[in-house]
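Fold and geometry: a report
Chain residues, written in single-letter form:
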Amino acid sequence: YYCAVYECRNITKAARKNFVTQPAVTAAIRELEKEYAVRLIDKDGKHIRITKDGDRFYEYASQMLTHAREFDDQVQNMASHFRILRLGLTKSAGSSVY
C-alpha cells in the first residue's frame with residue numbers, strides 16, 4: 001500500500017487503486033512506521049508529504065515488489081512447461097540396468 005500512496009501522493013487514490021478503504025491504507029502505513037521506527041509520510045489535513053526516509057523506503061520497497069513479480073513470473077513460466085524425458089533401452093541392457 002505504501003508504494004501506491006507514494007506513487008499517487010494520495011491515500012484515498014491509493015486505496016481505490018488497491019480496492020481497499022482509506023482507513024485500511026492509513027493503518028497499514030502506521031504499522032510500517034511502527035515496525036521500522038521510521039516516519040514515512042507527514043499528514044497535513046487531507047494532504048500528505050513524503051519524508052526523506054519515505055523516499056528511501058520507497059526505493060527499496062519498489063525494488064522488492066519488482067523482484068517478487070519477476071520471481072512469480074519465472075515460477076509460473078517453469079510450471080507451464082512440461083518436460084518429458086524418454087529413455088530407450090535394448091532388451092539385454094534394459095533387463096540388467098532397469
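Figured I'd write up the structure that's included with this text. Here, residues in each chain are numbered from 1, in the same order as that chain's written sequence. Local features in a predicted model are, by the rule used here, given only for residues with pLDDT of at least 70; side-chain atom pairs are given and counted only at 80 or more, and totals for whole chains, interfaces and linings are based on all residues. Think of the side-chain values as coming from all heavy atoms in the structure, minus any hydrogens and water.

**Some points on the layout of surface pockets**
To find leftover empty space, one rolls a probe the size of a water molecule over the atoms. Think of a 1 Å grid over the protein atoms and nothing else: a 1.4 Å probe that fits but is trapped marks a cavity, an open set flanked by protein within 12 Å on at least five of seven lines marks a pocket, and residues with an atom within 4 Å of a point count as lining. Grid points are joined across faces, edges and corners, and a volume is the space filled by probe spheres set on the points. By volume, the largest pocket is sized at about 240 Å³. In terms of lining, the largest pocket is formed by Tyr1, Tyr2, Cys3, Ala28, Leu32, Phe57, Tyr60, Ala61, Met64 and Leu65. Numbered from the N terminus, helices here are DSSP runs of H or I no shorter than four residues, and strands are runs of E no shorter than two. At the level of elements, α1 (2–8), α3 (22–36) and α4 (52–80) are the ones that each hand at least two residues to the lining of the largest pocket. Top element by residues in the lining of the largest pocket is α4. It accounts for five residues.

**Some remarks on the side chain of Glu33**
Structurally, the position occupied by Glu33 is in helix α3. Take Glu33: its relative accessible area is 11%, and that puts it in the buried class. Two residues form a contact once any of their heavy atoms are found within 4.5 Å. In contact with Glu33, other than residues within four places in its own chain, are Val38, Arg39, Leu40 and Ile41. Using a 1.4 Å probe on the protein chains alone, a residue whose accessible area is under 20% of its type maximum counts as buried, one over 50% counts as exposed, and one in between counts as partly exposed.

**Points about α4**
Each α-helix winds once per 3.6 residues, and so residues spaced three or four apart point in a common direction. Helix span, expected: 1.5 Å multiplied by one less than the number of residues in the helix. Look at α4: 42 Å from first C-alpha to last across 29 residues, which is about the 42 Å you get at 1.5 Å a residue. Considered for burial, the residues of α4 that qualify are Gly54, Tyr58, Ala61 and Ser62. Contacts made by the buried residues of α4 are with α1 and β2 (47–50).

**A look at the packing of aromatic side chains**
Aromatic pairs are defined between Phe, Tyr and Trp rings, using the six-membered ring for Trp, whenever the two ring centres lie within 6.5 Å; interplanar angles under 30 degrees are classed as stacked, those over 60 as edge-to-face, and all others as tilted. With the rule as written, the count across this model stands at four aromatic pairs. On the numbers, 5.4 Å between centres and 85 degrees between planes, the contact of Tyr2 with Phe57 is edge-to-face. Taken together, the residues Tyr2 in helix α1 and Phe57 in helix α4 connect sequence positions 55 residues apart. Residue class for Tyr2 comes out buried when judged on its relative accessible area of 3%. Summarising the aromatic geometry, the rings of Tyr6 and Tyr58 are spaced 3.9 Å apart at their centres and angled 10 degrees between planes, so their arrangement reads as stacked. With Tyr6 in helix α1 and Tyr58 in helix α4, this pair connects stretches of sequence that are 52 residues apart. Grouping residues by exposure puts Tyr6 and Tyr58 together as buried. Site record: aromatic cluster; members linked through ring pairs are Tyr2, Tyr6, Tyr36, Phe57 and Tyr58.

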